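# Coordinates in review
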Amino acid sequence: MALTVAAQSLGGWLKEADRCVSIWESRWGPYELHPSLYVDHEALSASYEAYVNRLTENYPFFHPRYAGQMLKPPHPVAILGYLTAMRINPNNHALDGGPPTAAMEKEVVTELVRMFEFPEPALGHLTSSGTIANLEGLFVSREQHPDKRIAVSREAHYTHARMGYVLGVPVETIPADPHGRMDLNALEDVLRSKEIGTVVLTAGTTGLGMVDPIADAIPLCRQYGVRVHVDAAYGGFFRLLCNHEILDPMVSRNLNAIKDADSVVLDPHKHGLQPYGCGCILYRNPEMARHYLHDSPYTYFTSEDLHLGEISLECSRAGAAAGALWLTLQLLPLAADEGLGPVLSACLEAAHRWNAALEDTPLQSWGKPDLDIVCYYPEAKSHSASEIDRASQALFEHSMASSTNPIFLSILRVRSTDLRIRIPEVEVDQEHVRILRSVLMRPEQAGFAESLVNCLVGFMQSHDH
Ligand SMILES: Cc1ncc(COP(=O)(O)O)c(C=O)c1O
């Protein structure tokens, strides 16, 4: 089915949003905006022009040429959903802050619970980010095992070590294998210490986009009575493609195993097509709600139903974020062959094609991607880690600076010893080496992968890296 609403054609829908909200507002009788809130039309024009001009300094996150960080604009339907609710500005903390968007939040959380096949009823809510969602997951872990440590892979997002510090819980780092997945033997060594209360596994590491061996790690953790928290902020939505041949069977098995975890974090503002301000935490055991118990003299009086603020560490949260996700999922449901599934499989295809296009070029793949993040480095003429490091940085800068055909990449710092596993003869003359990283989260990039890689090779040759 053809997508008929593109970002460029949102205008009519935004007028419709204005019309609908204005009709709703008029139900409450006439009133005048207080004069203190008036702004001068010309002053607004001038400031708005300055504002828009400053925004043009952004990189083109929407475009296939942007193959850098985990960043892309929301789907037009999410923009429409967000802006419409934002006009009303509901707060999903207490039910009186916005009953409809609170109900929508509960509905989308149920859909996400079903996507992971958590037993129902599970517990969960949206958060303003993956960081806060992980903080909540680790907070509950600490309450469950107050005297124990948290173990995370060295490839886990830095937020886990940081939030461990915030929560006052010691964090143990577990080595990863040369691909960037948690090393199970090292995990078992750490579990034997009996000091670990929770293990954090990652589905889609931030750097390399790898999926930890979740299916084998969970039974191991159970043997030692340890909780499992999965940080699927980036890769969680790929769970939809578990039975799809585009996903490597090992990756499918590990994403499928998330259903046996104790808690999982997912970021709809990454692969769920949402604007920033939309993370999510889910717990398989609804009894974890007890850790959120608190008393508020200001809220929770309008209804006996669950107020989302009663099961969340944050207070105010945008109801618009829940509304936008709800509306998006009406049109792009959580399914493999329609809705979000084809978006994600095109991203995987982009990564496979990008990785394949590196063959026979002076750019070497760091390894087959698990998801849609490809890492690579310029090897030609480079015999040492420092030369590869410099060549990566130079290509990164040159490709972005091109006035005619810029390509936007990102940089990842890896261990030189992991480089030596790939190039045994390389001279390890520094501890770390910068390599190139492309997050291919735009489905359109499937049709651009080869030409963009060719372009990068052209930059290399013209600058003689
Ligand atoms: C695996 C993972 N966890 C957590 C985060 C932090 O999420 P947020 O940026 O939404 O706070 C990120 C962000 O890139 C991530 O990739």
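See the structure printed just above.
Analysis parameters
Residues numbered from 1 in each chain as written. Predicted model: local features only at pLDDT ≥ 70, side-chain atom pairs only at ≥ 80, totals over all residues. Helix = DSSP H or I, 4+ residues; strand = E, 2+ residues; numbered from the N terminus. Expected span 1.5 Å × (residues − 1). Buried ≥ 20, exposed ≤ 12 C-beta atoms within 10 Å, placed from the backbone. Pairing = 2+ DSSP bridges. Axes fitted to C-alpha atoms, helices over the stretch in contact; angles between N-to-C directions. Contact = placed C-beta atoms within 7 Å. Near = placed C-beta within 6 Å. Nonpolar A, V, L, I, M, F, W, Y, C, P; charged D, E, K, R; others polar.

## Brief notes about helix α5 (residues 130-144)
In this model, α5 (15 residues) spans 21 Å end to end at C-alpha, consistent with the 21 Å of a helix rising 1.5 Å per residue. Along α5, 11 of the 15 residues are buried, which leaves the element largely enclosed by surrounding structure.

## A short note on the sheet that holds strand β11 (residues 432-439)
Sheets are built from strands that pair by backbone hydrogen bonding, the pairs being arranged parallel or antiparallel. Spatial strand order, β8-β9-β11-β10: four strands in an open sheet with antiparallel pairing. Of all the strands in the sheet, just β8 (363-365) and β10 (410-415) have a single pairing partner and so form its edges. Across the sheet, the mean angle from the axis of one strand to that of its neighbour is 45 degrees, orientation sign disregarded. With six bridges joining them, β10 and β11 adopt antiparallel strand pairing. In the strand pairing of β11, R413 is matched with R434. Of the strands in this sheet, β8, β9 (373-378) and β11 are in contact with helix α12 (residues 340-357), which crosses β9 at around 15 degrees. Strands β9, β10 and β11 of the sheet are contacted by helix α13 (residues 385-401), whose axis makes an angle of about 35 degrees with β11.

## A word on the site of the ligand
Not every one of the 15 residues close to the ligand is listed here, only the nearest: S129, G130, T131, T206 and A233. Ranked by residues supplied to the shell around the ligand, first place goes to α5 with three residues. Considering only residue class, the shell around the ligand consists of three nonpolar, 10 polar and two charged.

## Here's the deal with the sheet that holds strand β1 (residues 123-127)
Reading across the sheet, the seven strands line up as β1-β7-β6-β5-β4-β2-β3 and stay open at both edges, with mixed pairing between neighbours. Each end of this open sheet is capped by a strand with a single partner; those strands are β1 and β3 (171-174). Neighbour-to-neighbour, the strand axes of this sheet turn through a mean angle of 20 degrees, independent of strand direction. Sheet topology note: the strand β4 (residues 196-202)/strand β5 (residues 227-232) ladder contains five bridges and is parallel. Within β5, the position partnered with V199 by the bridge is V228. Along the sheet face, helix α8 (residues 214-223) touches β4 and β5 and points at about 175 degrees away from the line of β4.

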